[in-house]
Amino acid sequence: MARIDLNADLGESFGVWRLGDDDAMLRIVTSANVACGFHAGDPAALLRVCRSAADRGVRIGAQVSYRDLAGFGRRFIDVAAEDLIADVVYQIGALQAIAGAAGSAVSYVKPHGALYNTIVTNHDQAGAVAEAVRMVDPALPVLGMAGSAFFDEASQRGLRTVAEAFADRAYRADGQLVSRREPGAVLGDPAAIADRVVGMVTSGRVTAVDGTPITVAVESVCVHGDSPGAVQIATAVRDGLTAADVQIAAFS
């Protein structure tokens, strides 16, 4: 039987501003990419989501990002490698403390937004993120895109890499994600998304926006918690995978 992890970006509310339904998503996913305060998330909200994740047996990952609250971490920042290392170390450490106080622990690291996309090809920043993880705990796996500069840098440092695919994001023919600035970058039909994910997991292939079939390596599937209809999409994806005899479980 095939096995797949489901992950979602959670803990992204800030103060009185609310984003997504963390409690509902935690009933569906097996891994929670929890914001670390640099792109979203305040300490009280992060403690709440970590407690909820711990109660439900959902694994907690540190979702590290650029220091960009105003832009939700979706703007590229030309940060020096030394500064980026420190920023990532700081974020992982903060979430480790919060997760520990909630009775759990940080089990992996996943970059967010513009940082995630940048380190697909940018070796300087990819190396900085990988080095920060190694400095904190070389046993922490990193979640990201197969074939990326980030995975190359992580592997060179002995880090475990876990390949993910995106349920609700369109792909380019080169295997990278379509920019959110372009039409059709974010998908919204739960049934169509579920069928697409089942195909990714069972065949290792997905159709790019131009109709090109591309190969995807996938150990974990991301459903964005801030997408419209995120709970319905995640539910459809989980139900579709279960119907296809795919086991839903956190990556080990």
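Residues numbered from 1 in each chain as written. Predicted model: local features only at pLDDT ≥ 70, side-chain atom pairs only at ≥ 80, totals over all residues. Heavy atoms only, no water.

The name that an unreviewed UniProt entry assigns to the protein is 5-oxoprolinase subunit A, with the source organism given as Mycobacterium paraffinicum. Database annotation for the protein, UniProt heading Function (unreviewed entry): "Catalyzes the cleavage of 5-oxoproline to form L-glutamate coupled to the hydrolysis of ATP to ADP and inorganic phosphate." The record in UniProt for the protein states the following under Sequence similarities (unreviewed entry): "Belongs to the LamB/PxpA family." (UniProt positions renumbered as here; feature names shortened; annotations may be inferred.)

Below, the discussion takes up the overall build of the protein. Each helix and strand in the protein was counted, giving eight helices and 10 strands. Based on the C-alpha atoms only, the size of the protein along its principal axes is roughly 40 × 35 × 35 Å. Long-range pairs, those at least 24 residues apart, make up 73% of the contacts in the protein between residues at least 6 apart in sequence. Here the protein displays about 10300 Å² of accessible surface, and carbon together with sulfur accounts for 51% of that area. For the protein, the separation between the mean place of its 21 positive charges and that of its 29 negative charges on side chains is 3 Å. (Helix = DSSP H or I, 4+ residues; strand = E, 2+ residues; numbered from the N terminus. Contact = heavy atoms within 4.5 Å. Areas by Shrake-Rupley, 256 points an atom, 1.4 Å probe, with all protein chains shown as cover. Lys, Arg positive; Asp, Glu negative; His and termini not counted. Charge placed at Lys NZ, Arg CZ, Asp CG, Glu CD.)

Quick look at the side chain of Gln63 now. Looking at the element boundaries, Gln63 is found in strand E3 (residues 59-64). Beyond its immediate chain neighbours, meaning those up to four positions away, Gln63 contacts Asp9, Glu12, Asn33, Val34, Ala35, Cys36, His39, Gln91, Lys110, Pro111 and His112.

A cluster of nonpolar residues, Phe14, Trp17 and Leu69, forms a patch on the protein surface that exposes about 310 Å² of accessible area. Among the secondary structure elements, Leu69 is positioned in the loop between E3 and helix H3 (81-101). Judged by relative accessible area, Leu69 falls into the partly exposed class, the value being 44%. (Patch = residues over 30% accessible without salt bridge, like charges linked within 9 Å, V, L, I, M, F, W, Y side chains within 5 Å. Salt bridge = Lys/Arg side-chain N within 4 Å of Asp/Glu carboxyl O. Buried < 20%, exposed > 50% of the residue type's maximum accessible area, 1.4 Å probe, protein only.)

A few words on the pattern of salt bridges. A side chain with one charge can pair with a side chain of the opposite charge if their charged atoms come near. Scanning all chains against the criterion turns up nine salt bridges. Among the ionic pairs, Asp68 bridges to Arg75, the shortest N-O distance being 2.5 Å. Linked through salt bridges whose partners overlap, the residues forming this network are Glu131, Arg134, Glu153 and Arg157.

Below, the discussion takes up helix H8 (residues 230-243). If you check H8, its first and last C-alpha atoms are 20 Å apart, about what 14 residues at 1.5 Å a residue would give, namely 20 Å. Where H8 is concerned, the buried positions are Ala230, Ile233, Ala234, Ala236, Val237 and Leu241. Along H8, the residues classed as buried sweep out an arc of 160 degrees about the axis, all on the same side. Where H8 is buried, its residues touch strand E1 (3-10), helix H1 (22-26), helix H7 (190-203) and strand E10 (247-248). Following H8 by one or two positions, Asp245 adopts a phi angle in the positive range, close to 65 degrees. (Expected span 1.5 Å × (residues − 1). Arc of directions from axis to C-beta.)

Turning next to the packing of H3 against helix H5 (residues 123-136). It is the contact of H3 with H5, at a shortest axis distance of 8 Å, that shows an interaxial angle of 40 degrees. When the axis of H3 is compared with that of H5, the two are oblique. Considering only the axes of H3 and H5, their crossing is right-handed. Contacts between H3 and H5 involve Ala81, Leu84, Ile85, Val88, Val89, Ile92 and Gln96 from the former and Asp124, Gln125, Ala128, Val129, Glu131, Ala132, Val133, Met135 and Val136 from the latter. Counted by class, the contact of H3 with H5 contains 12 nonpolar, two polar and two charged residues. (Axes fitted to C-alpha atoms, helices over the stretch in contact; angles between N-to-C directions. Parallel < 35°, antiparallel > 145°, perpendicular 65-115°, else oblique. Left-handed = near helix turned anticlockwise from the far one by under 90°. Nonpolar A, V, L, I, M, F, W, Y, C, P; charged D, E, K, R; others polar.)

One pass over the full model with this rule turns up five aromatic pairs. With centroids separated by 5.4 Å and ring planes inclined at 70 degrees, the aromatic side chains of Tyr108 and Phe251 adopt a geometry described as edge-to-face. Of this pair, Tyr108 sits in strand E4 (residues 106-111) while Phe251 sits in the segment after E10; the two residues are 143 residues apart in sequence, bridging distant segments of the chain. Ring geometry for Tyr116 versus Phe166: centroids 5.5 Å apart, planes at 85 degrees, classification edge-to-face. Residue Tyr116 is found in helix H4 (residues 113-118), and its partner Phe166 is found in strand E6 (residues 161-166); the two are separated by 50 residues along the sequence. For the residue pair Tyr116 and Phe166, the accessibility class agrees, reading buried in each case. (Phe/Tyr/Trp six-rings, centres within 6.5 Å; stacked < 30°, edge-to-face > 60°.)

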